[in-house]
Amino acid sequence: MTIDVSKWPFGVNQDNQVDFDEADKSLAMAVKAKDPTLKLCMGCGTCSAGCTAGALTDFNIRQMFLLLNRGRNDEVAEKINNCMLCGKCILGCPRGVNTRNVILTIREVLEK
Amino acid sequence: MSEYVFSPYVIPFTAGLIFVIIATFYFWIKALKQLDPEETRKVKENLFSLRIVPILFSWVKEVFLESLLHRKIFRQNFLLGLMHMLIAFGWFIAIFAEHIRLWVYTLNPIEPIYFPIFLFDFLRPVGAESAVGMSPAPMLFEMTTFMMVFIFLHDFFMTMILTGKALSIVKKYKPGLFGMTGGVKHNQYDKLIVMLLMLLFIPRMFAVGCSVYNYGDAMVVVNGISPSVYAFLSYNFGQVLGGLGLASYESVFWWIYSFCIGAFFVALPFTRYMHIPTEPLFIFLRKCGVSTGKKYTGFSELEVLSCPRCGICFDRCQLNTTPGMDVEVQPIYMLEGVRDKEPDEEKVFKCLLCERCEATCPVDIDISNIRITQREKFNENKFKKDTNRYDYLDDAGYRSNGGNADVVYFAGCMTHRTPGTKKAMNALLNKAGVKYMNLDAEDSVCCGQPLIVDGFRDEAQKLISENTKRIKDSGAKILVTSCPVCYNSFRKEYDLDGVEVMHHTQYLKKMVDEGKLNVKKTGKKVVFHDPCELGRIGGEYEAPRDLLKKAGTLIEPDDIKDDGLCCGGSLANTKLTNSEERAVAGDALNRLLAKKPDILITACPLCKKTLEKVSDNKVEIMDISEFLLE
Amino acid sequence: MANVTIIGGGVAGMAAAGVLTKRGHEVTLMERDSKLGGHVGKWYKVFPDITDASEIVDELKGDLNGVKIKTNADVKEIEKSGKKFKVNGTSADAVLIAAGFEPFDATLKEEYGYGIYDNVVTSLELDEMLKTGKLKTKDGKTPKSVGLVHCVGSRDEKVNNNYCSRVCCTNVIKSGIEIKEHYPGTDVFCFYMDVRAYGRGYEELYRKSQEECGVTFIRSRLSEANENADKTLLLRVEDTLAGKPMKINVDLLVLMVGMCPSVNAGSLKNSIGLETGDDRFFKTKNKHSANNESNIPGVFYAGATTGPKSIVESITDGRAAAAEIHSYLS
């Protein structure tokens with residue numbers, strides 16, 4: 001039996017919590033299948049700290065990856081195109097995530 | 001002399017030839033129709049003006065030197081060049097010589113198309129009227145000195161071809177002698193046509209040998225030279241065939257020969273040998289100033305068809321030569337995919353765009369540009385076009401400097417990761433007393449080249465216009481960048497109204513030449529790593545070398561300039577795995593350090609970072625600016 | 001009575017030598033430096049109790065009666081014939097490799113500016129500054145703010161070191177406390193990805209640094225450092241908890257360098273066919289039950305030669321190795 005939280009009289013604000021069980025993680029899985037290096041991200045923020053687009057907008061590449069993993073795909077779609085693909089992030093990533101390819105793969109998967 | 005000579009065995013040959021001519025025209029017209037209006041204009045402009053004379057002259061020269069003599073391949077490897085020359089030039093000149101023999105005999109330039117090919121049967125010496133060959137009475141000639149010379153030439157050219165073929169067999173088993181690895185995998189059509197080409201000269205020699213044997217006593221001694229000398233191949237081989245009792249099968253051999261060559265022609269348009277009829281047109285258009293630039297056009301189509309799949313690119317590609325690497329993405333495969341309309345994603349994207357292949361392509365195909373257009377095509381299918389994507393740059397709030405700089409320094413995104421270069425450049429500019437400003441010290445905007453090489457040229461325009469605005473606003477007349485990727489972007493993609501674009505190696509050389517900077521000679525043994533984007537793509541090999549010769553002892557490893565190695569860190573690639581990149585970098589580093597330099601010098605932040613990653617403290621790696629500052 | 005040669009006179013080698021000589025073995029201790037003590041011998045205060053490192057070295061030295069000590073003895077290879085070994089001409093029945101580690105070469109992280117900017121130093125230089133009581137920037141001023149960067153040369157595939165150096169986190173905490181205790185007016189910022197304060201008393205030290213000393217921890221990883229005109233440093237990080245890129249200026253930037261295998265590890269390995277792991281440290285026969293044995297009988301390991309270790313772990317490991325060697329020789 002599934003419990004429909006939205007019908008409870010004391011509702012939990014859907015926007016304020018990550019409902020991990022209900023989240024659509026299929027996009028994250030599709031991206032990871034195409035570029036497994038995304039699995040290695042440990043969220044250190046080296047990429048976002050020096051990001052060329054991140055200095056000009058609220059684009060945050062680390063957060064993109066995290067939001068994708070949490071199934072908040074709409075928020076990813078909103079900002080993913082800000083990236084200039086300059087590749088500065090690749091030079092910093094301590095885990096060897098192929099960031100440019102991951103960005104392109106996310107775009108590709110989102111547009112499908 | 002207009003007696004009509006015919007034998008049914010000419011039909012396969014003639015049919016094949018007509019087929020290949022029609023196919024060639026089909027491909028030519030199709031390509032010409034797809035030319036860009038701008039390209040058509042260029043061709044027409046040249047075609048109907050006096051410029052056509054030098055164009056034709058250099059066209060003939062190039063077709064002769066490259067398509068027939070294969071000069072570029074000779075430079076690559078003597079044996080490889082020799083093999084190609086013997087087959088291509090030998091075949092061409094053999095056919096040409098037989099035409100001359102016929103024309104001089106008939107004094108009629110319009111003879112049936114098949115005539116010169118089967119000339120040994122159709123045109124017989126006096127006294128051989130009733131030889132075995134074909135049924136109608138053939139045309140007869142007196143064995144003059146002229147005829148003797150041409151029979152000799154035929155044999156000589158056939159020997160060239162057969163030697164070439166023999167070399168190609170040696171190449172198959174000992175590719176190393178030809179400077180090749182022999183790892184190219186050809187498709188079955190290509191394998192078939194190589195077989196046909198290999199085969200068709202054998203029945204020809206059998207047929208010609210039988211003919212000459214059947215001439216019998218008509219092969220007389222001329223000017224004291226016996227037929228076993230002037231017809232050293234056909235006469236002597238004929239004697240062997242006659243001795244084996246095969247001479248009576250002469251027409252059978254002519255049939256087999258005709259079939260082989262007919263089949264060769266029919267197969268040709270479906271194989272790599274399509275480059276033979278396409279190349280002359282391709283070279284002509286290039287002489288008219290056409291090249292594959294930013295768009296894939298009919299000309300690109302011709303380029304693709306002109307790829308002979310010789311495999312030289314394959315052997316140059318570091319994704320092939322690096323130990324442990326085995327991917328089929330080289331131009332030979334990529335262009336084949338484009339031709340068959342189905343290049344897969346890996347073939348198009350898994351490439352460093354280092355242009356090592358392009359530097360030695362014997363046909364001079366614009367490989368990288370074709371690859372980029374293919375990437376664009378892929379992206380069009382995958383992504384919605386969104387040229388407003390970077391409109392946020394309008395709100396970036398760039399602060400003007402008041403337009404009073406003489407020089408504007410754009411370090412480049414990557415150079416922010418190698419602050420040593422940035423700091424050294426600032427120190428050197430200060431030392432030289434230059435009035436300069438840093439354009440990208442705070443909120444930088446990418447030059448756009450990473451987007452372009454990934455196949456997003458339209459999207460990159462916004463970045464280009466934003467940077468253009470900032471550069472022009474600086475008031476500077478010279479733009480200096482430390483990143484060769486940016487250098488090419490500014491040079492090729494920007495319209496900067498007379499602002500001179502220089503890579504820092506070029507600008508430092510200018511400063512030294514003008515006496516504004518002094519360089520002290522140190523005893524350090526240095527090796528210079530040519531960054532692909534600066535050298536092969538940017539065309540700058542000498543500026544860094546001039547500087548390094550002044551500041552140290554420059555030693556040159558084997559792979560320099562056009563042969564320079566890619567570090568593997570190229571931004572043009574998104575598909576290489578980390579371990580593959582590391583393998584390419586490690587191999588390149590080992591080859592650069594073969595002569596044990598004290599310092600490895602480069603002039604690209606990406607090369608520096610990538611090589612450092614695998615250096616394991618084996619050698620000090622510096623940017624040229626840091627070295628000069630020391 | 002058997003001969004044992006120990007390569008490396010750091011805490012692990014000294015601890016092992018002390019035990020073995022008490023068990024009656026003829027021990028030769030080879031140290032490439034001019035005096036015993038290894039890295040610990042050069043340090044100032046060590047965690048978790050912020051004692052003088054020299055006290056530890058002196059205590060270990062006290063057990064070395066009867067040990068043949070050879071300093072300035074750089075061992076690059078071991079010879080083997082039958083069951084006997086020869087190290088720099090001295091024959092031995094068993095060899096203990098306690099070759100320790102090398103600090104990571106911080107110039108390899110160019111974007112951090114070590115060797116390029118005036119006020120970027122390593123943890124070793126910070127320790128020296130604290131020891132001499134001169135925590136100063138290049139121009140001789142006491143820094144108003146110090147940035148301590150975790151994981152420099154550790155957990156970083158870009159420098160080919162995927163492993164964690166384990167002790168740097170607690171070293172950062174200890175250093176932060178020391179700075180704050182001596183220079184209360186100086187702000188200390190720690191840029192950490194995770195705080196791995198794993199040993200007894202380490203977490204308590206972490207608490208102390210926050211509660212008593214006011215050290216600030218910023219969850220981030222340094223992306224790049226830029227030098228300002230006044231030679232202070234502008235750091236670019238992402239405050240990953242706030243989810244925003246962050247700019248912060250510090251007067252002095254300290255890179256907490258990790259541990260790399262000893263420079264001699266490669267040649268020692270090749271000389272008699274020892275094995276190393278992906279991390280290039282020596283590989284033990286079994287990670288659980290034979291963590292001091294090599295793949296060659298008679299050759300043993302102790303200390304940081306088999307991977308980053310704290311001082312207490314190295315000493316314990318040295319003594320464990322001594323026990324193994326004793327059983328092997330009996």
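Residues numbered from 1 in each chain as written. Chains lettered and ligands numbered in written order. Predicted model: local features only at pLDDT ≥ 70, side-chain atom pairs only at ≥ 80, totals over all residues. Heavy atoms only, no water.

K.L.:
Sorry, what's going on with the overall build of chain A here?
P.N.:
Looking only at helices and strands, chain A has six helices and zero strands in total. In chain A, buried positions account for 55% of the 112 residues. Taking all contacts inside chain A whose residues are at least 6 apart in sequence as the whole, residues at least 24 apart take part in 69%. Here chain A has roughly 5300 Å² of accessible surface; of this, 53% comes from carbon and sulfur atoms. (Helix = DSSP H or I, 4+ residues; strand = E, 2+ residues; numbered from the N terminus. Buried < 20%, exposed > 50% of the residue type's maximum accessible area, 1.4 Å probe, protein only. Contact = heavy atoms within 4.5 Å. Areas by Shrake-Rupley, 256 points an atom, 1.4 Å probe, with all protein chains shown as cover.)

K.L.:
Quick question: what am I supposed to make of the overall build of chain B here?
P.N.:
Scanning chain B from N- to C-terminus turns up 28 helices and 10 strands. When its C-alpha atoms are laid out on the principal axes, chain B stretches across 95 × 50 × 45 Å. Looking at chain B as a whole, 60% of its 630 residues are labelled buried. Sequence separation of at least 24 residues holds for 75% of the intrachain contacts in chain B that already meet a minimum separation of 6. Of the accessible surface of chain B, which amounts to about 25500 Å², a share of 60% is contributed by carbon and sulfur atoms. One way to put it: in chain B the 73 positive side-chain charges average out to a point 4 Å from where the 73 negative ones average out. (Lys, Arg positive; Asp, Glu negative; His and termini not counted. Charge placed at Lys NZ, Arg CZ, Asp CG, Glu CD.)

K.L.:
Teacher, can you tell me more about a negative patch on the surface here?
P.N.:
On the surface, a cluster of negative charge is contributed by Asp49, Glu55, Asp58 and Glu59 of chain C. Overall, Asp49 of chain C belongs to the exposed group, its relative accessible area being 53%. (Patch = residues over 30% accessible without salt bridge, like charges linked within 9 Å, V, L, I, M, F, W, Y side chains within 5 Å. Salt bridge = Lys/Arg side-chain N within 4 Å of Asp/Glu carboxyl O.)

K.L.:
How do you make sense of helix 5 (residues 78-106) of chain B when you look at a structure like this?
P.N.:
An α-helical turn contains 3.6 residues, so a residue and the one three or four places further along point in the same direction. All names here are of chain B. In this model, helix 5 (29 residues) spans 40 Å end to end at C-alpha, consistent with the 42 Å of a helix rising 1.5 Å per residue. For helix 5, the capping residue at the N-terminal end is Asn77, with a side-chain oxygen 2.9 Å from the backbone nitrogen of Leu79. At the exit of helix 5 stands Leu107, carrying a positive phi of roughly 55 degrees. (Expected span 1.5 Å × (residues − 1). Polar contact = N/O pair within 3.5 Å; in protein donor to acceptor, adjacent residues only side chain to side chain.)

K.L.:
I keep staring at the packing of helix 1 (residues 10-33) of chain B against helix 11 (residues 250-267) of chain B and nothing clicks. Help me out?
P.N.:
When two helices pack together, their arrangement is given by the angle between their axes and by how far apart the axes lie. Residue and element names in this part refer to chain B. Axis separation between helix 1 and helix 11 bottoms out at 7 Å; the angle between their running directions is 15 degrees. The angle between helix 1 and helix 11 places the two elements in the roughly parallel class. Handedness of the crossing formed by helix 1 with helix 11: left-handed. Contacts from Val10, Pro12, Phe13, Gly16, Leu17, Phe19 and Val20 in helix 1 reach Trp255, Ser258, Phe259, Ile261, Gly262, Phe265 and Val266 in helix 11. Within the contact of helix 1 with helix 11, the residues separate by chemical class into 11 nonpolar, three polar and no charged. (Axes fitted to C-alpha atoms, helices over the stretch in contact; angles between N-to-C directions. Parallel < 35°, antiparallel > 145°, perpendicular 65-115°, else oblique. Left-handed = near helix turned anticlockwise from the far one by under 90°. Nonpolar A, V, L, I, M, F, W, Y, C, P; charged D, E, K, R; others polar.)

K.L.:
Please explain unusual backbone geometry as it appears in this structure.
P.N.:
Keep in mind that most residues, glycine aside, have a negative phi and that most peptide bonds are trans. Residues and elements named next belong to chain C. Put simply, Phe47 and Pro48 share a cis peptide bond, and its omega is 5 degrees. Among the secondary structure elements, Pro48 is positioned in the loop between strand 3 (45-46) and strand 4 (51-52). Non-glycine residue Ile50 carries a positive phi angle of around 50 degrees. The topology assignment puts Ile50 in the loop between strand 3 and strand 4. Residue classification places Ile50 among the buried positions, given a relative accessible area of 18%.

K.L.:
I would appreciate a short explanation of the domain arrangement of chain B in the present structure.
P.N.:
As assigned here, chain B comprises domain 1 (10-34 + 69-270), domain 2 (283-382), domain 3 (398-513) and domain 4 (525-629). Here the C-alpha centre of domain 3 of chain B lies 60 Å away from the C-alpha centre of domain 1 of chain B. (Domains from an automatic or database assignment.)

K.L.:
Where do I start with helix 11 of chain B in this structure?
P.N.:
Residue and element names in this part refer to chain B. In this model helix 11 runs 26 Å from its N-terminal to its C-terminal C-alpha over 18 residues, within 8% of the 26 Å that 1.5 Å per residue would give. Taken as a whole, helix 11 has its buried residues at Glu250, Phe253, Trp254, Tyr257, Ser258, Cys260, Ile261, Gly262, Phe264, Phe265 and Ala267. Buried residues along helix 11 sit against helix 1, helix 5, helix 6 (119-122) and helix 8 (188-215).

K.L.:
It is not clear to me how the interface of chain A and chain C should be interpreted in this structure. Could you clarify?
P.N.:
Interface size is commonly expressed as the accessible area that is lost once the parts come together. With 20 residues of chain A at the contact, the number on the chain C side is 19 residues. The contact between chain A and chain C buries some 1400 Å² in all, and 45% of this surface belongs to carbon and sulfur atoms. For Lys88 of chain A, the salt bridge is made with Glu224 of chain C, and the minimal N-O distance between the two is 3.4 Å. Taken together, the links from chain A to chain C amount to 13 residue pairs in polar contact (both at pLDDT 80 or more). At the level of secondary structure, the elements contributing two or more residues to the side of chain A that touches chain C comprise helix 2 (46-49), helix 3 (61-69) and helix 5 (88-92) of chain A. Broken down by element, the side of chain A that touches chain C gets its largest block of residues, four residues, from helix 5 of chain A. (Buried area = accessible area lost by both parts, 1.4 Å probe.)

K.L.:
Please explain the interface of chain A and chain B as it appears in this structure.
P.N.:
The interface of chain A with chain B comprises 25 residues on the first partner and 30 residues on the second. Summing the contributions of chain A and of chain B, the shared interface buries around 2500 Å²; its carbon and sulfur component is 57%. Counting across the interface, chain A meets chain B through two salt bridges. Of the charged contacts, one joins Asp454 of chain B and Arg100 of chain A as a salt bridge, the two residues approaching to 3.0 Å between their closest N and O atoms. Along the contact surface separating chain A from chain B lie 11 residue pairs in polar contact (both at pLDDT 80 or more). Every element with two or more residues in the side of chain A that touches chain B is listed here: helix 5 and helix 6 (99-111) of chain A. The biggest single contributor to the side of chain A that touches chain B is helix 6 of chain A, with six residues. Across the side of chain A that touches chain B, the residue classes break down as nine nonpolar, 11 polar and five charged.

K.L.:
What exactly am I supposed to notice about the packing of aromatic side chains here?
P.N.:
The description of an aromatic ring pair uses the distance of the two centres, along with the angle that the planes make with each other. All names here are of chain B. Applying the stated criterion across every chain yields a total of 45 aromatic pairs over all chains. A ring pair is formed by Phe146 and Phe150, whose centres lie 4.6 Å apart and whose planes are at 40 degrees; its orientation type is tilted. Taken together, the positions of Phe146 and Phe150, both in helix 7 (residues 145-173) and four residues apart, correspond to about one turn of that helix. By relative accessible area, which is 29% here, Phe146 ends up partly exposed. (Phe/Tyr/Trp six-rings, centres within 6.5 Å; stacked < 30°, edge-to-face > 60°.)

K.L.:
Just to check I follow, could you spell out the pairing of strand 10 (residues 620-623) of chain B for this structure?
P.N.:
Side-chain positions along a regular strand alternate between the two faces of the sheet. Residue and element names in this part refer to chain B. Both strand 9 (residues 599-602) and strand 10 contribute to a ladder of four bridges, which runs parallel. Directly across from Ile599, in strand 10, lies its bridge partner Glu620. As for the winding sense of the linkage, the β-α-β connection from strand 9 through helix 27 (residues 605-615) to strand 10 is right-handed. (Pairing = 2+ DSSP bridges. Right-handed = clockwise from strand over helix to strand, strands pointing away.)

K.L.:
Sorry, what's going on with the pattern of salt bridges here?
P.N.:
It is possible for side chains bearing opposite charge to pair when their charged atoms get close. Residue and element names in this part refer to chain B. In this structure the tally under the stated criterion is 72 salt bridges over all chains. A salt bridge links Glu626 to Lys608, with the nearest nitrogen and oxygen atoms 2.8 Å apart. Highlighted residues: Glu626 in helix 28 (residues 624-629) and Lys608 in helix 27, separated in sequence by 18 residues. The exposure classification of Glu626 matches that of Lys608, with both residues buried.

K.L.:
Can you help me understand empty space enclosed by the protein in this one?
P.N.:
Empty pockets left among the atoms are what a rolling probe the size of a water molecule brings to light. In this structure the tally under the stated criterion is nine cavities of 30 Å³ or more. In this structure, the largest cavity spans a volume of roughly 220 Å³. If you go around the largest cavity, you meet 20 residues; those closest to its centre are Ile90 and Asn98 of chain A together with Gly569, Asn573 and Glu581 of chain B. Contributing elements (two or more residues each) for the lining of the largest cavity: helix 5 of chain A together with helix 26 (578-592) and helix 27 of chain B. When residues of the lining of the largest cavity are assigned to their parent elements, the largest contribution, three residues, is made by helix 27 of chain B. (1 Å grid on protein atoms, 1.4 Å probe; cavity = no way out; pocket = protein on both sides within 12 Å on 5 of 7 lines; lining within 4 Å. Points joined across faces, edges and corners; volume = space filled by probe spheres on them.)

K.L.:
Any chance you could explain the nonpolar core here in plain terms?
P.N.:
Core analysis: the biggest nonpolar cluster contains 91 residues, and Phe65 and Met84 of chain A together with Leu479, Phe490 and Tyr507 of chain B have the highest contact counts within it. Each of two domains, domain 3 (398-513) and domain 4 (525-629) of chain B, supplies a minimum of three residues to this core. When residues no more than four places from it in sequence are discounted, the contact partners of Leu479 of chain B are Val408, Phe410, Ile471, Phe490, Leu496, Val499, Glu500, Val501 and Met502 of chain B. Core analysis: the next-biggest nonpolar cluster, separate from the first, contains 77 residues, Tyr9, Met85, Phe115 and Ile151 of chain B among them. (Core = buried A, V, L, I, M, F, W, Y, C linked by side-chain atoms within 4.5 Å.)

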